[in-house]
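# Descriptive structure summary
Listed below, chain by chain, are the residues.
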There are 4 protein chains.
Amino acid sequence: MGNSFGKLFKITTFGESHGQALGVIIEGCPAGLELDESKIIAEMQRRKPGQSKITTQRKEEDEIQIKSGVFEGKTTGTPIGIVINNSDQKSKDYSHISDKFRPSHADYTYFTKYGIRDYRGGGRSSARETAARVAAGAIAKQLLETKGISIQAFVSQVGDLKLEKHYGELDLAKAEENIIRCPDPETAAQMIDLIDGVRKDRDTIGGVVSCVIKNTPAGIGEPVFDRLHAELGKAMLGINAVKGFEYGSGFEGVKMRGSEHNDAFVQEGDAVKTKTNYSGGIQGGISNGEDIYFNVAFKPVATIMIDQESVNESGEAVTVSGKGRHDPCVVPRAVPIVEAMAALVIVDYILLAKSNKLQDF
Amino acid sequence: MGNSFGKLFKITTFGESHGQALGVIIEGCPAGLELDESKIIAEMQRRKPGQSKITTQRKEEDEIQIKSGVFEGKTTGTPIGIVINNSDQKSKDYSHISDKFRPSHADYTYFTKYGIRDYRGGGRSSARETAARVAAGAIAKQLLETKGISIQAFVSQVGDLKLEKHYGELDLAKAEENIIRCPDPETAAQMIDLIDGVRKDRDTIGGVVSCVIKNTPAGIGEPVFDRLHAELGKAMLGINAVKGFEYGSGFEGVKMRGSEHNDAFVQEGDAVKTKTNYSGGIQGGISNGEDIYFNVAFKPVATIMIDQESVNESGEAVTVSGKGRHDPCVVPRAVPIVEAMAALVIVDYILLAKSNKLQDF
Amino acid sequence: MGNSFGKLFKITTFGESHGQALGVIIEGCPAGLELDESKIIAEMQRRKPGQSKITTQRKEEDEIQIKSGVFEGKTTGTPIGIVINNSDQKSKDYSHISDKFRPSHADYTYFTKYGIRDYRGGGRSSARETAARVAAGAIAKQLLETKGISIQAFVSQVGDLKLEKHYGELDLAKAEENIIRCPDPETAAQMIDLIDGVRKDRDTIGGVVSCVIKNTPAGIGEPVFDRLHAELGKAMLGINAVKGFEYGSGFEGVKMRGSEHNDAFVQEGDAVKTKTNYSGGIQGGISNGEDIYFNVAFKPVATIMIDQESVNESGEAVTVSGKGRHDPCVVPRAVPIVEAMAALVIVDYILLAKSNKLQDF
Amino acid sequence: MGNSFGKLFKITTFGESHGQALGVIIEGCPAGLELDESKIIAEMQRRKPGQSKITTQRKEEDEIQIKSGVFEGKTTGTPIGIVINNSDQKSKDYSHISDKFRPSHADYTYFTKYGIRDYRGGGRSSARETAARVAAGAIAKQLLETKGISIQAFVSQVGDLKLEKHYGELDLAKAEENIIRCPDPETAAQMIDLIDGVRKDRDTIGGVVSCVIKNTPAGIGEPVFDRLHAELGKAMLGINAVKGFEYGSGFEGVKMRGSEHNDAFVQEGDAVKTKTNYSGGIQGGISNGEDIYFNVAFKPVATIMIDQESVNESGEAVTVSGKGRHDPCVVPRAVPIVEAMAALVIVDYILLAKSNKLQDF
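On a predicted model such as this, the values are computed, not experimentally measured, just so you know.

### A word on the overall build of chain A
Along chain A, the regular secondary structure elements total seven helices and 18 strands. Relative to the globule expectation of 21 Å for 361 residues, the C-alpha radius of gyration of chain A, 21 Å, shows essentially globular dimensions. Taking the principal axes of the C-alpha coordinates as reference, chain A spans close to 65 × 50 × 35 Å. Residues classed as buried in chain A amount to 66% of the 361 residues present. In chain A, 70% of the contacts between residues at least 6 apart in sequence involve partners at least 24 apart.

### Regarding the confidence of the model for chain A
Confidence in the prediction for chain A averages 95 pLDDT; 98% of positions are at 70 or higher. Taken over the whole predicted complex, pTM reads 0.98, whereas the ipTM for its chain interfaces reads 0.97.

### Side note on the environment of Val208 of chain B
Residue and element names in this part refer to chain B. Mapping Val208 onto the fold places it in strand β10 (residues 207-214). The class of Val208 is buried, set by 22 C-beta atoms lying within 10 Å. A sequence separation of 148 residues divides Val208 from Glu60, and the C-alpha atoms of the two residues are 25 Å apart.

### A word on the UniProt feature "binding site: NADP(+)" (unreviewed entry) in chain A
Residue and element names in this part refer to chain A. If you check UniProt for "binding site: NADP(+)" (unreviewed entry), the listed places come out as Arg47 and Lys53 in our numbering. Its location among the elements puts Arg47 in helix α1 (residues 37-47). If sequence neighbours within four positions are ignored, Arg47 has contacts with Thr130, Ala131, Val134, Arg333, Pro336 and Ile337. Among the residues examined, Lys53 registers 11 C-beta atoms within 10 Å and is labelled exposed.

### Structural notes on unusual backbone geometry
A cis geometry characterises the amide bond from Pro223 of chain A onward to Val224 of chain A, with omega recorded as 10°. Take Val224 of chain A: it is sitting in the loop between β10 (207-214) and α5 (228-237). You will see that Arg181 of chain B, though not glycine, has its phi angle at about 65°, which is positive. Counting through the fold element by element, Arg181 of chain B comes out in the loop between β9 (161-162) and α4 (185-200). Arg181 of chain B sits in the buried class, given 23 other C-beta atoms within 10 Å.

### Looking at the relation of the copies chain A and chain B
Mapping chain A onto chain B calls for a screw motion: a turn of 180° about the axis and a shift of 0.0 Å along it, with 0.0 Å RMSD after fitting. Expressed as a symmetry operation, the mapping of one chain copy onto the other fits a two-fold axis. An overlap of 100% is found between the interface residues of chain A and their copies at the interface of chain B, pointing to a shared contact surface.

### Remarks on the UniProt feature "binding site: FMN" (unreviewed entry) in chain A
Mapped onto the present numbering, the UniProt feature "binding site: FMN" (unreviewed entry) falls on Arg124, Ser125, Ser126, Asn240, Ala241, Gly284, Lys299, Pro300, Val301, Ala302, Thr303 and Arg325 of chain A. Across 202 residues of sequence, these annotated residues are also dispersed in space, with a maximum C-alpha separation of 44.3 Å. Structurally, the position occupied by Asn240 of chain A is in the loop between α5 and β11 (242-247). Residue classification places Asn240 of chain A among the buried positions, given that 24 C-beta atoms sit within 10 Å. Summarising the element assignment, Pro300 of chain A is placed in the loop between β16 (292-298) and β17 (308-311). Among residues more than four places away in sequence, those in contact with Pro300 of chain A are Thr204, Ile205 and Gly206 of chain A together with Met256, Arg257, Gly258 and His261 of chain B.

### Regarding the environment of Gly32 of chain D
Within the secondary structure layout, Gly32 of chain D lies in the loop between β3 (21-27) and α1 (37-47). The class of Gly32 of chain D is partly exposed, set by 18 C-beta atoms lying within 10 Å. Gly32 of chain D sits 78 residues away from Tyr110 of chain D along the chain, and the two C-alpha atoms are 41 Å apart. Discounting residues that sit within four places of it in the chain, Gly32 of chain D has contacts with Gly115 and Ile116 of chain A, Lys357 and Leu358 of chain B together with Lys74 and Thr75 of chain D.

### Some details on α1 of chain D
All names here are of chain D. Buried residues of α1: Ile40, Glu43, Met44 and Arg47, and no others. For α1, the arc enclosing every buried residue in end-on projection is 100°, short of the 170-degree limit, so these residues lie on one face. Exposed side chains of α1 directed beyond 90 degrees from the buried face belong to Ser38, Ala42 and Gln45.

### Some points on the relation of the copies chain A and chain D
Of the transformation superimposing chain A on chain D, the axial component is 0.0 Å and the angular component is 180°, with the fit at an RMSD of 0.0 Å. Of the interface residues in chain A, 100% have counterparts in chain D that sit at the interface too, so the contact is made through matching surfaces.

### Concerning the interface of chain A and chain B
At the interface, 96 residues of chain A touch 96 residues of chain B. A breakdown of the residues in the side of chain A that touches chain B according to their chemical character gives 38 nonpolar, 39 polar and 19 charged. Here β11 of chain A runs beside strand β11 (residues 242-247) of chain B; their pairing, made up of three bridges, is antiparallel. The partner of Glu246 of chain A across the bridge, within β11 of chain B, is Gly244 of chain B.

### Remarks on the environment of Phe111 of chain D
Residues and elements named next belong to chain D. Here Phe111 shows up in helix α2 (residues 107-114). Along the backbone, Phe111 and Asp99 are 12 residues apart, and their C-alpha atoms lie at a distance of 9.9 Å. Sequence-distant contacts of Phe111, that is, excluding residues within four places in its chain, are made with Arg117 and Glu313.

### Remarks on the pairing of β16 of chain A
Residue and element names in this part refer to chain A. Counting buried positions along β16 yields seven of seven residues, so the element is predominantly enclosed. Side chains of β16 alternate between two faces, with Ile292, Phe294, Val296 and Phe298 and Tyr293, Asn295 and Ala297 buried alike. Examined bridge by bridge, β10 and β16 share seven bridges and lie antiparallel to one another. Its bridge partner being in β16, Val212 is matched across the sheet by Tyr293. The sheet contact formed by β11 and β16 spans five bridges and is antiparallel. Residue Glu246 lies in a different strand from β16, and its bridge partner there is Asn295.

Thresholds applied
Residues numbered from 1 in each chain as written. Chains lettered and ligands numbered in written order. Predicted model: local features only at pLDDT ≥ 70, side-chain atom pairs only at ≥ 80, totals over all residues. Helix = DSSP H or I, 4+ residues; strand = E, 2+ residues; numbered from the N terminus. Rg over C-alpha atoms; globule rule 2.2 N^0.38 Å. Buried ≥ 20, exposed ≤ 12 C-beta atoms within 10 Å, placed from the backbone. Contact = placed C-beta atoms within 7 Å. pLDDT = per-residue confidence, 0-100. UniProt positions renumbered as here; feature names shortened; annotations may be inferred. Least-squares fit on C-alpha atoms with pLDDT ≥ 70 in both. Arc of directions from axis to C-beta. Nonpolar A, V, L, I, M, F, W, Y, C, P; charged D, E, K, R; others polar. Pairing = 2+ DSSP bridges.

Right, here's the structure in full:
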């Protein structure tokens, strides 16, 4: 259990860091979508390693192969099977840690759970698995485009360097113009410097990815347990290295009073709008038509180039030495993953809301 | 969809604020548990309204009726049906808002989704529904007790008044000794004063509930999408008024470097332990045996006693006047709800992990 | 697990034969349906015991209480909670079999599975649980009525007495005019005599219920595993005492040649029809717009008034003596249960098919 | 929806007849199983086309590629991804039927549902998809072997030629010694002759596959809706061309009286056994330890070499001419598919029953 996400628009992934291939099956994609493969490739490029000096220098081409579900360029309604071969399978690199538990990795917990461990690069627990999600998310995004719904994530914090401006004051598209993916060029430059310094220290650092979803229609969400933000939260917390999720006013909102926090309704032409949007576009677990926005906290990457104490499978004290090519900070490459998971949630929830009223039955 | 939670230990709830009754069906409870009904009642008491001056003065007895699944005092393995009658059904109280959308409530979104609205006290979107969860969670807790697993939530922040001590420095049991449920008596007194002042201002305020789970065995969790913390996060985000969730180092962790954040493994007798616990007891989505701890952010209650601007179903500008008996701050009553949802997750995930190894098949 | 049925229109039941109450939560009912409670009551009457000399003489009023999900006579889209009290709780009647395993009942298997047994009338394994399904099915039927879809079941065989006419030659509505629910009056009279004789012999006998669903739109079904007929089959096999399911040509169809069995397509005005209907209205797991029809085999009721050999929980040989008031043949009361389960499947699958094409997204 | 089967041991398939590849993701396989790939290949061989004169002469190598979930020869507990390339992609063969609806195929229903149709060999509706199931089932079988559970299917009827002996009187292993897979050599010879004649008539014929599962422990099953036989039934009805399912006494059982049909319990050493087994090893939806046996009815293959009337997408009357290489009777190749689906159900249900008692929690 745990390898599927979504209810009607559902993905199931397989694959580990150094196996033959990763892949994903996408179910529930409506038939008749003209699939633009170049858009999937573009998303894969945003996530892939080796993009810049502040990401890992590992090379993976992340070439997607669509095996089914598309005929004459259009989706057929049947499951879309995608395979991504692992071109960079250097399992010998990992012999030095094959029986050691790397601190704050999943080595120990996988070993405890399964009694066996694929020690090559973290196996299934590697963030490499998210490549499959990005491919699936790119299809979800194409569906959302047909309804004018857009999703834009960006880096809003690295270490204690925080983007202070509200997203409304920024041109979010600018996030793609720099290697850290922060829409404010000045802050971006500082963040890049910070990460570069951390990298030179052979260390890593955490960060925050923020995300804004525009034009979700009102009425999307499945209370009480499957509230729209609860599913978004689960989607984000299911990404490697995530430690927290908040939407709308979030943790800052606890300091506010109700009289300040409540979003007054106003009529604008045919539309009901809110004057403020502390609700983050979701009320009672259902979208209200305003922007949905949220923050996702990523911890510092666990793989550092500094020696660390640990134990091995026999319970002996050992030293773990960092090797290989790793990200000093995960957030720039996490941006497309956050978007992908958000897109999957929104598509799924639009499908779930198709027959809430008798006239739609 | 959305009224069930859990996979093997699964609850499904029904009921709205001012209907005849609430209820819950609990599936997957192992047979042979001697059910202590007084413990369920005790949890219901912790959640029920009218407990103190800082909670709503509404009266609801929240008496539970166990309709099935228990025979001669023991669970039988079949679904446990629980009904909780609504004794305080004063629907006339709500005529003044029957066609108005209360700001930051779910009135507008339910109306948009369903085309119809049960305007009596928020209907299904009312936090009254959580009574059913607390009843179910009380049974989950009894199961966890048989394995020595304990769950303790407490209030760690009200407004900007924050409990500064780490939970390890506190006697968490003391949380139940004051009406705000904060384990530090001094901070508790300040929080109570703060809420009392807010209440007198006819306003409301937000807060944070923290939770610590002790003795979860290592190896519990379902990567990649159903990581233990992702499910805990979804469970918490599914509680009314929640705006954020973080576990372990959380949002603060993003400021740290990997060399500081990584939890070094050490052998202690037969057990593998970690020196620090920034991971929050979960690595790669699977428990490692350390304490699991997390924070849940609650926004200020939307119902305030101050007049507010809004619109009605016809799109006319209206004034919403607060009436009735409402909580000035939701966190003291949210403590047992957080525990209940946490207990449901842990029981469910223990069941899910029963056959991860061939020798357990 | 196992107490829920359906994906989007989903029911979850609780309750055992001699507990306090049975009940059901119905999720996914579109909002705005004017619920006619008298129609639910009418279905309950068709299932309830004590209807005639060929059913059990046990008395159960089967009064339904709708606890939630309906406001001002209309469904609200939130879960509908229904409770049915058990008025006839005579647990003392069952002391004579409390540690004996009744042959071909579920006593032994429940005991093996759960290590505990509610011996009062079979507990959860009693067909009494189907009362909850009939209540839920009655709501599904009201939904189907709004689309002109009708479901009619009837008895087509008792013992080796078989209704020879094809359903198309009969006025199926006549099934409700006699106590066996066979639409052919002559065969009905013979069936009643047969059952009456079996009853006097203190024995029981099996039978077949057939069912016809008219006006299901084409395009409903979820291949490859959740084919429409596979879900109908599961629904029927989930009814107590069912041993077989066949649809369309069924087991007889295996004797045919493809040239005879294939249903030729013909155009009739705007509609594509088939000349014959050996497919039973379903091709490739998806409805084609023709009548859906199927047969359900029910074994003879296990409770007989004749002494039987068995063993008890200690492994001792014992005699089980039949007592109480039981059905000599289950099929007349099974007719509304078959219809209820069929209605639940069709509603659920209509909801599942809402967004198969991009233009419906 | 509909491309997954199972709850804890779950498969999800993708792929269509003439796409690039088929595949399956298998979740929930316990870690540590030494996977014998030759056994998977052997099962693929049993299903593949071109085995004998009474199967299609089409060639497909059905070579499996295990992409993930296995490390150093053992399962790791993570999802097993398997890809099967389609070597025989002759889409040009299908141009003659690209806009015609073949009688009793799924062409019309897929077109209605999705508004688009992959006309190459039936696309997703082709039985070719079952190759993925057989691969997954072969892994389930290896799990069952570790517990001594065996599954043996065989052909028991072709047309009106029926194997009259009870399975207990036969050496079922002999089924694999002839091309029709009937364990009685004499009947097998007659069946082969019958099919050969049908083939020469350019026609097709139906048949029945029977299946026996030995050594399932007592206590496996999930009432009330997910009874073991209901899930087996759904599994079988989800196979292409299946029209009926019956277990134990089945449709014949309806003719019996309770006094004859009831299976008396007897103690044999430590074990509770039944004297007869009309129950088919399942009582109240839960296994009782006796043999589980059932029959599956397959209709005659829809593709015949004889001209047929039909309509095309424009509603014009057309003639469909059979072309290509097709099975005159599906049952010999259906035998491994029936076994595969049965194995998947039994493994899944064993996992589901792991914590029914408190002592196993």
